[in-house]
Amino acid sequence: MKTTIASKGIVALLALTTAVNIGIAAGTYRIVSAGSQPPAFGFLEYDPNAKSILVAPPAVDAKSKAADAEIDALVGNVSDNSARAQLAEDDVRRIVRDEITADPKFVVDALNAFMQKQQDDEAATADKKVVDMAAAVTEDRGYPFVGNKDGKVELFYYFDVNCGFCKKIDGELRRFVEGNPDVKLVHREMPILTPASTTAAHIGGTLFALYPEAYPKFHDILLGHPQASTPDDIEAALVEAVGKDKATEVISKSFNVTEDGPAKDVDDRIKATLATATDAGINGTPFIYVKGANAFVRGAAPDLFDRLNAAAAIARK
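Only a predicted model underlies this, so the values are computations on that prediction, with no experimental measurement involved.

(A) Structural detail: the packing of helix H7 (residues 195-210) against helix H9 (residues 231-242). In contact at an axis separation of 9 Å, H7 and H9 are set at 20° when each is read in the N-to-C sense. It follows that H7 is roughly parallel to H9 by the angle criterion. Read as a crossing pair, H7 and H9 show a hand that is right-handed. Contacts between H7 and H9 involve Ala 196, Thr 199, Ala 200, Ile 203 and Leu 207 from the former and Pro 231, Ile 234, Leu 238 and Val 242 from the latter. Looking at side-chain class alone, the contact of H7 with H9 contains eight nonpolar, one polar and no charged residues.

(B) Representation of the nonpolar core in the model. Core analysis: the largest hydrophobic core is formed by 43 residues, its most contacted members being Leu 155 and Phe 218. Take this core: its biggest share by element is six residues, from helix H12 (residues 304-315). Beyond its immediate chain neighbours, meaning those up to four positions away, Phe 218 contacts Ala 200, Ile 203, Gly 204, Leu 207, Ile 234, Ala 237, Leu 238 and Ala 241. Core analysis: the next-biggest nonpolar cluster, separate from the first, contains 14 residues, Val 130, Val 186, Met 190 and Phe 296 among them.

(C) Quick peek at the side chain of Asp 267. Looking at where Asp 267 falls in the secondary structure, it is placed in helix H11 (residues 262-280). Leave out the neighbours within four places in its chain, and Asp 267 touches His 202 and Val 257.

(D) Quick peek at the pairing of strand E5 (residues 183-189). Across the seven residues that make up E5, a large majority, seven, are buried. Across three bridges, the pairing between strand E3 (residues 145-147) and E5 is antiparallel. Along E5, the bridge assignment pairs Phe 145 with Val 186. As defined by bridge partners, strand E4 (residues 153-159) adjoins E5 across seven bridges and the pair is classed as parallel. Its bridge partner lying in E5, Leu 155 is registered against Leu 185. Taken together, E4, helix H6 (residues 164-179) and E5 constitute a β-α-β crossover, and its handedness is right-handed.

(E) Just H7, in detail. With 16 residues, H7 should reach 22 Å at 1.5 Å per residue; the first-to-last C-alpha distance of 23 Å fits that figure. Of all the positions in H7, only Ala 196, Ser 197, Ala 200, Ala 201, His 202, Ile 203, Gly 204, Gly 205, Thr 206, Leu 207 and Phe 208 are classed as buried. Residues of H7 that are buried make contact with E3, E5, helix H8 (215-224), H9, helix H10 (244-252) and H11.

Conventions adopted
Residues numbered from 1 in each chain as written. Predicted model: local features only at pLDDT ≥ 70, side-chain atom pairs only at ≥ 80, totals over all residues. Heavy atoms only, no water. Axes fitted to C-alpha atoms, helices over the stretch in contact; angles between N-to-C directions. Helix = DSSP H or I, 4+ residues; strand = E, 2+ residues; numbered from the N terminus. Parallel < 35°, antiparallel > 145°, perpendicular 65-115°, else oblique. Left-handed = near helix turned anticlockwise from the far one by under 90°. Contact = heavy atoms within 4.5 Å. Nonpolar A, V, L, I, M, F, W, Y, C, P; charged D, E, K, R; others polar. Core = buried A, V, L, I, M, F, W, Y, C linked by side-chain atoms within 4.5 Å. Buried < 20%, exposed > 50% of the residue type's maximum accessible area, 1.4 Å probe, protein only. Pairing = 2+ DSSP bridges. Right-handed = clockwise from strand over helix to strand, strands pointing away. Expected span 1.5 Å × (residues − 1).

Pasting the structure below:
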């Protein structure tokens, strides 16, 4: 940055002001009010018409001389500008090193505070997106559901059958639905973890379209499986839910997505769910949105049951 005469003058003025303040605090200078007789020492003549003046004491100690030298460096009384800049940089580096050495924890605390603020800001932005896109997030046409089809309280569940956290909360969700007969839990399946997750989403959606009464059992079997489900596990769950013959029918109608029929409709809904999740900032599973309360839960919250009860109470009003 190019230094002008004006900027040098400003720096000098600031430095002089700082020096005066330091001098007053340290006793190097004294302020004498206008019109009063200054003490006998010093080299300034008394003028009864003058404004407040600074009176220098007769002796200057070593500490004051050092301070004067720093002021000279700031206002330009040192001819070597590069040396002056280097001196300031060295001082800053020394201070930083000394502070880190004395208390290294403050660096960690500062970084943690910065990261937490970033996370909070990102979460707030993502939460606003969800609320702004509530209409898309709560789309229910054609999607599988459990509970009361005409339920006043509607929950929208974004999940992957191979998500460990979804498996963890499945029992709590089932308990909530069973304990609240006015609840409809819409399944917005978003297969993001494995190819088998996509297979399960297609088969589950087609099963609901053909045999909706068997869907809850199929879903519970897969979510109750302790490990990630394979295609064989998915087929076994389907057979257990509807029997071998109907399972064969469902599988045969689950993957022809190029022609009109259940498979194409299910595929369109899966794509819509994934697109909605991306746009709304739903970046993981499980995610549950309570319509009418603008309340939602991200992840496997330990207080999920209580939070859903509280949100349902708002939705019922």
